Each structure stands twice: as C-alpha cells, then as structure tokens.
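Here's the letter readout for the chains.
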Amino acid sequence: MSIELFLPDATSRSYPDGTTGTEVAESIGPRLAAAAVAISLNGQLLDLSRPLPSGGLVSIITESSEEGRQVLRHSTAHVLAQAVLSLFPGAHFAIGPAIEDGFYYDFDVGRPFTPDDVAAIQERMSDLIGDDQPFERQEVGKDEALAIFADQPFKKEIIDAVDPTEISGEGEVTLYRNDGFIDLCRGPHVPSTGRIKAFRLTRTAGAYWRGDEQRPQLQRIYGTAWESRAALDAYLQRLEEAERRDHRRLGPELDLFSFPRELGSGLAVWHPKGGLVRKVIEDYSRRVHLAHGYHIVVSPHVARSQLWKTSGHLNFYVEGMYPAIDLDEGDTYFVKPMNCPFHILIFRARPRSYRELPLRLYELGTVYRYERSGVLHGLLRMRGFTQDDSHIFCRRGQLADELLNLLEFTLMVLRDFGFEEFEADVSTRNPDKWMGALDMWEEATEALTDALAKAGLNYRIAEGEAAFYGPKIDVHIKDAIGRRWQLTTLQVDFAQPENFVLDYAEAGNRKERPVMIHRALFGSVERFFGILVEHYAGAFPMWLAPVQVSIIPVADRHLDYARRVGESVTEVDLRAEVVDSDETVGEKIRAALTMKHPAVLVVGDKDVEQETVGFRWYGEDREQRGVALQQAVELLVDAARAPQ
Ligand SMILES: [Zn+2]
Ligand SMILES: [Zn+2]
C-alpha cells in the first residue's frame, strides 16, 4: 500500500506506507532534510520521525520559518524543565509553551530563582543539548499517565482535565521522553536536543497557575531559541534596543509620568513635562477633528446601571467593568468602560434629520476598565485611560464613503506623528454569531476592503473574527525598529442603533435607523504616547518636545544674556529652559542631551558681545558657533512648526 502526498509546489508523489517526515524531506533534497524540524500534514504538525498516518497535503517545516522556530522553542522549553528538575529535586513543573520570539516554563520550587540559579540551569541545558538526546513520542492511557506523574500535581491536574487542547484526544495521553525526562505534550518536537543551536534564558517572573490569582504562585523562566547563533544575536540586539526605548524606563527618566504604587495598578500620574506633551497631542487632535467635520462632546465618568443595561455592557462586558457603586437613593452607578452610550444619548437628545448625517461626535473620553493585573503593561495597557473616541452616525448609503473618509483621516494623523508604514486586518462575519441583515454585513465589509484598497494599504482578512454586531478594520503601524503596533479601530455597529432604538427622518419624514461607526484613532492617548516614546526613543520631534530649546550659559556672568535669549525664544511661542545651575558647561550640555531636548543654545563672552549663540541640534555632535540670535530664532520656529 502507498500514500499520495501533495507537495507545496503542486506536484504529487506516492510513498510507501509507513514513510516518515524525515524520509519525505530527504526525498526532496538533503539541504531541506538538514533544515527540517517537523512536517505539516493537512495543516497539522507532526514529528519527523512519525510514520505519516495518511496521505494529503504536506510541507516540510524548516527551523528558520516561524512555525519551525515555534517547534524549536517549545523543544527548548522541555530541556529547560529537564534541567530544572535535575537541579532542583522535588520541583513541580507546570506548562512550557512557545510564545512570540521565545518560550517559558512555569515551576514550583518553593522560592524565586536567583541569577545564579538561572546561570546553572542554562549551563545544564547546554550539557543536555550537547548530549543530542532524541525526543521520543509515546501514547499511554490516562491511568498510566497519572502514575507516571504521581508526584507532579500540575501535570495530574492537566491529565485529569483531559483537556483536548493540551493532550491528544481519544483518552490517550501523549508523552515525550528524552533521556530520563518525560513531559506531557502534544508535540511536535525537533528530532533531538542537538538541533537546538542557539538559546538563551532571558528573565524570570512570578506567574499564577492557570493565570488565576487564587491558585499557587509559580516561578516562570523565559527564554529564547533560534536556528543559529547569528539569529539569536540579532534578536538579543533587537531586545536591547527595545529595552533602551522602553517607555516604562524613559517615562521616569525624562520626567514624563510615573506609576506610584499607592495609586493602584494600571494608573499613572502625568508630570509637568509629560502633561505638556500630552496637551500638544490633545490640542492637535481637537484641532484636526474640528477641521474635519467632527463635533466635540463631553460626557461624565459614571452612569446609571439602566444605561449599561440598554447598551448591553452589563450582559457582555461586566467583567471588564469596575464594580457597581450603590447610592442611597437606590440607584446603582457604574464607572464607564466606554464612551459609546453617552454619544448615543447625544444623538437621541432630539429628533434627527438625514440632513445632519453623517453626524460625527468626538470626545477625549476617560474610561476605566478592570484589566487583570497580569496583563497591565505601563501606558500600553492600563486600568484608566483616555480614548480619542468618535462615534459616527450615518445613513446606510453613506457608510462606504464615510469609512474611506475615516481611513484617510486616520492615515493623515498617523503620518503627522511620523509613522510611515501601515497594515490592516479586516474582521469579517462569524457565520455562527452575528445579528442584523446579511446584505448590510456584505455592504459594510465590501466598504471596508474598498476603503483599504483605495488607501493603498496591505490588509489581511480575519475570516469570521468580527464581533457579532459588525465588521471592523484594525490599522497597524510599524515603528522605527520595525515593531508592529495595533492602533486604530474602525468598527461598524449594527447593534447599538437597535438597542437604543435610534432613528432619523429621511426625506419625506420616513423613519430610518442610522448605522453607527466606533472609531478610536490613537486607541488611547496614553498608549499612543507610550508608543511615541518608544518610536522616538524619547527624542520627540520638536513640535512635541516638552522643552524645545535649552539655553546654557558658559559661566554665571552669561546668565543675564541667556535669559534674554530665553525671552526671545518664548516670545515666538517656543518652550525654552534657561539652565541656571552650578555645573560646568560640559555637564550642563550632557544633561540637556540626556533629557533629549531638540535644540541646545550655548552662550559665552563672544555671544554676549555680538548677540549670537552657539547652536546644536539633538543628534548632531557639532555646535555651530556665532549664529546670530535672530537667525537662531528663525531656525527654531521653522523646526517647531506643528503639522497643519
Ligand atoms: Zn512538548
Ligand atoms: Zn464606541
């Protein structure tokens, strides 16, 4: 008997029964076989050593592909657990998945790992990799598996749950064995530990079992693994660059914001400099919205439970909300997790005519969401933040134009902040979970993809991933070091106009239901700010910088003149700081560079005499001497102009 395999180049070949992935790879070519780590059969990844259970569509997964790296990383997680169990007798091990760019494994060893522990674990892993131990797959019954893991409570819990996502189905439990180490796993793995060519343990952290704060706290070790030393080095360099830009480090360093512990998790205070940048961003946002036909509205932070019932939040979103506030009058209030219901109330405040549509409401609205503490991340994921939130009410026939309009507006704004590369995801109807009319969905989805095509954006269709109430576009940007960030969402909503029974009068007074679009462009001001800090590594472009010009007197006797220079600069609405300290001029310049001020003016004897300044842009190592003050001011004004 034989099986028929279809290869990615659309050819097909027949192979004898019992053919393994390795044999398929070898039959295609020795280079491919050397780089192979697994085989995909009809979309399912299998170990190379396994006889293929059937024919079908195959492709060889190589170590430098994203899927191949996942196999490599997950295999490295096994070796990590193997090393920890051998170094810490009695350790309990939990789960060890591959994650983006790496892997982790969770352990209970009764105390946190020290840096010395991690070094020893890494060394033991290198030994195990040097041994080139083959990974062997084995299927056993549930009882046998429970016996094997008799002293491993987390493994027993997984086996007991017989969660089909964690072990294979039909009551069989899959184990993988290398040397004396056994783990519970679906696979696949690289053929042997020797295939792990470059890895590094990167950090440790606490993590709750099952992510549940009521369950035991475990110790997590993170690591990364790559197909070559060069790929690992390049990754570590990217990591270092990302750390250098980390807004959680730069925020306090540049005196922009902080997260005081007594304030509570996921909540920040904005310092004067951060507050100033934020004001510039918000002023810009208000100005462009007004210029593009939006109306600025304002809504309160709390609302009666009735509003959240009508909007559906109390049914579908209650876990993301702060708990109820019960008032004496018998009313219950909730802090708002979203601004939408308020904007709907504004739409509904009086009868609306088609002549008013599209009606675009915009608010810098602060919302509060009860995010789990484990997912909070600086300004990027908070419990209280301000959305640049818009709700657009339009006629059904206006939807396509309005979406294109919105997308173009979005790209214009993001370009103004220095982003150049965009991609998008379009989430389409989930056939099992949707409401409204099918033709409305089709129209809206087509309008979304048309808008993306017209704007020239690459997009991916996320088939069936839309929320039940409408399709959406997520716009992603690439930052200065190539990272992708999801920013803007354009969400079509057929449900809220129904929930709130919204209508408007068409020509001839016929009542029609409007379509609603939710749109947060920055997402949240905080998150956008965090991304900007990382994109610019804290060196904001001049129009955003909190201090645009730093004026440094060489000695105390130049301070008066420095102040006069400062006045000339602030007179033209620039943000200047005159440095008055006991430091040497070199120290003062270094401090200005550390704070990443865009321009530094140094003034000494000659400058006082001749009404000049020494001029230096951030990032340039040379100072231009003897620039006439008037000319310096003109240069600064030019550079500081906000996008129009
Ligand atoms: Zn595994
Ligand atoms: Zn909304």
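From a predicted model like this one, the values you see are computed outputs, not experimental measurements.

**A look at the pattern of salt bridges**
Across all of its chains, the model carries 42 salt bridges by this definition. Here Lys155 makes a salt bridge to Asp183, at a shortest N to O gap of 2.7 Å. One end of the pair, Lys155, is in helix H6 (residues 153-161); the other, Asp183, is in strand S11 (residues 181-184), with 28 residues separating them in the sequence. For Lys155, a relative accessible area of 2% puts it in the buried group. Assessed through its relative accessible area of 2%, Asp183 is described here as buried. When salt bridges that share partners are traced, they join Glu66, Arg69, Arg73 and Glu227 into one network.

**Concerning the domain arrangement of the protein**
Along its sequence, the protein is organised into domain 1 (2-62), domain 2 (67-243), domain 3 (272-301 + 336-535) and domain 4 (549-639). Computed over C-alpha atoms only, the centres of domain 1 and domain 2 are separated by 26 Å. Contact residues are listed per partner, giving 12 residues for domain 1 and 10 residues for domain 2. Counting each side, the surface lost to burial between domain 1 and domain 2 is near 880 Å², with a carbon and sulfur contribution of 53%. Together, Val37, Leu45 and Asp47 form the three largest contributors to the area buried by domain 1 at its contact with domain 2, with a combined 54%. The interface formed by domain 1 and domain 2 contains zero salt bridges.

**Let's talk about the sheet that holds strand S16 (residues 295-296)**
Taken in spatial order, the eight strands of this open sheet run S16-S20-S21-S28-S25-S24-S22-S23, and their pairing is mixed. Among the strands making up the open sheet, the edge pair consists of S16 and strand S23 (458-462). Inspection of the sheet shows strand S20 (residues 359-368) paired to strand S21 (residues 384-394) by 10 bridges, in the antiparallel sense. By the bridge assignment for S21, Gly365 is matched with Gln387. Relative to the sheet, helix H12 (residues 340-347) contacts S20, S21 and strand S28 (515-520), its axis offset from that of S21 by approximately 35°. The strands that helix H16 (residues 525-535) touches are S20, S21, strand S24 (472-478) and strand S25 (484-493); relative to S25, the one it contacts most, it runs at about 155°.

**Remarks on the packing of aromatic side chains**
Applying the stated criterion across every chain, the model contains 30 aromatic pairs. With a centroid separation of 5.5 Å and 55° between ring planes, the pair formed by Tyr284 and Trp543 is classed as tilted. In this pair, Tyr284 is assigned in helix H9 (residues 272-291) and Trp543 in the loop between H16 and strand S29 (549-553), connecting sequence segments 259 residues apart. Of the two residues examined, Tyr284 and Trp543, each falls in the buried class. Ring geometry for Tyr322 against Tyr370: centres 5.7 Å apart, planes inclined by 80°, an arrangement best described as edge-to-face. Placement of the pair is Tyr322 in the loop between helix H11 (313-316) and strand S18 (325-326) and Tyr370 in the loop between S20 and S21, with a sequence separation of 48 residues. Given the relative accessible area of 41%, Tyr370 is considered partly exposed. An aromatic cluster is defined as three or more aromatic residues linked by ring pairs; in this entry it consists of Phe88, Phe93, Tyr105, Phe107, Phe113, Phe149 and Phe181. One cation-aromatic arrangement involves Arg203 over Tyr222; the distance from NZ or CZ to the ring centre is 4.0 Å.

**Remarks on the nonpolar core**
Grouped together as the largest cluster of nonpolar side chains are 65 residues, with contacts concentrated most on Phe417, Phe529 and Phe540. The element contributing the most residues to this core is helix H13 (residues 399-416), with nine residues. Aside from chain neighbours lying at most four places away, what touches Phe417 is Ile281, Tyr284, Phe522, Phe528, Leu532, Tyr536, Trp543 and Leu544. Of all hydrophobic cores here, the second largest spans 47 residues; its members include Ile121, Ala145, Ile158 and Trp209.

**Here we look at the coordination of the zinc ion (ligand 1)**
Those donors, His74 (NE2), His78 (NE2), Cys185 (SG) and His189 (NE2), are the protein atoms that reach the zinc ion (ligand 1), and they lie 1.9 to 2.1 Å from it. Spacing between the donor residues of the zinc ion (ligand 1) along their common chain follows H-x3-H-x106-C-x3-H. Of this pair, His78 sits in helix H3 (residues 66-87) while His189 is found in the loop between S11 and strand S12 (198-208), placing the two residues 111 residues apart along the sequence. For the pair formed by His78 and His189, the shared burial category is buried.

**Here we look at the coordination of the zinc ion (ligand 2)**
In this structure, Cys340 (SG), His391 (NE2) and His518 (ND1) serve as the protein donors to the zinc ion (ligand 2), at separations of 2.0 to 2.3 Å. Each donor residue of the zinc ion (ligand 2) belongs to the same chain, with the gaps between them written as C-x50-H-x126-H. Of the two residues, Cys340 sits in helix H12 while His518 sits in strand S28, which places them 178 residues apart along the sequence. The same class applies to Cys340 as to His518, namely buried.

**Looking at a nonpolar patch on the surface**
Together, Val302, Ile325 and Leu327 line one region of the surface with nonpolar side chains, adding up to about 190 Å² of accessible area. Assignment of secondary structure puts Leu327 in the loop between S18 and strand S19 (332-335). Leu327 gets classed as partly exposed once you look at its relative accessible area, which sits at 34%.

Scoring rules and cut-offs
- Residues numbered from 1 in each chain as written.
- Chains lettered and ligands numbered in written order.
- Predicted model: local features only at pLDDT ≥ 70, side-chain atom pairs only at ≥ 80, totals over all residues.
- Heavy atoms only, no water.
- Salt bridge = Lys/Arg side-chain N within 4 Å of Asp/Glu carboxyl O.
- Helix = DSSP H or I, 4+ residues; strand = E, 2+ residues; numbered from the N terminus.
- Buried < 20%, exposed > 50% of the residue type's maximum accessible area, 1.4 Å probe, protein only.
- Domains from an automatic or database assignment.
- Contact = heavy atoms within 4.5 Å.
- Buried area = accessible area lost by both parts, 1.4 Å probe.
- Pairing = 2+ DSSP bridges.
- Axes fitted to C-alpha atoms, helices over the stretch in contact; angles between N-to-C directions.
- Phe/Tyr/Trp six-rings, centres within 6.5 Å; stacked < 30°, edge-to-face > 60°.
- Lys NZ or Arg CZ within 6 Å of the ring centre and 35° of its normal.
- Core = buried A, V, L, I, M, F, W, Y, C linked by side-chain atoms within 4.5 Å.
- Donors = N, O, S within 2.8 Å, 3.2 Å for Na, K, Ca; no water.
- Patch = residues over 30% accessible without salt bridge, like charges linked within 9 Å, V, L, I, M, F, W, Y side chains within 5 Å.
- Areas by Shrake-Rupley, 256 points an atom, 1.4 Å probe, with all protein chains shown as cover.

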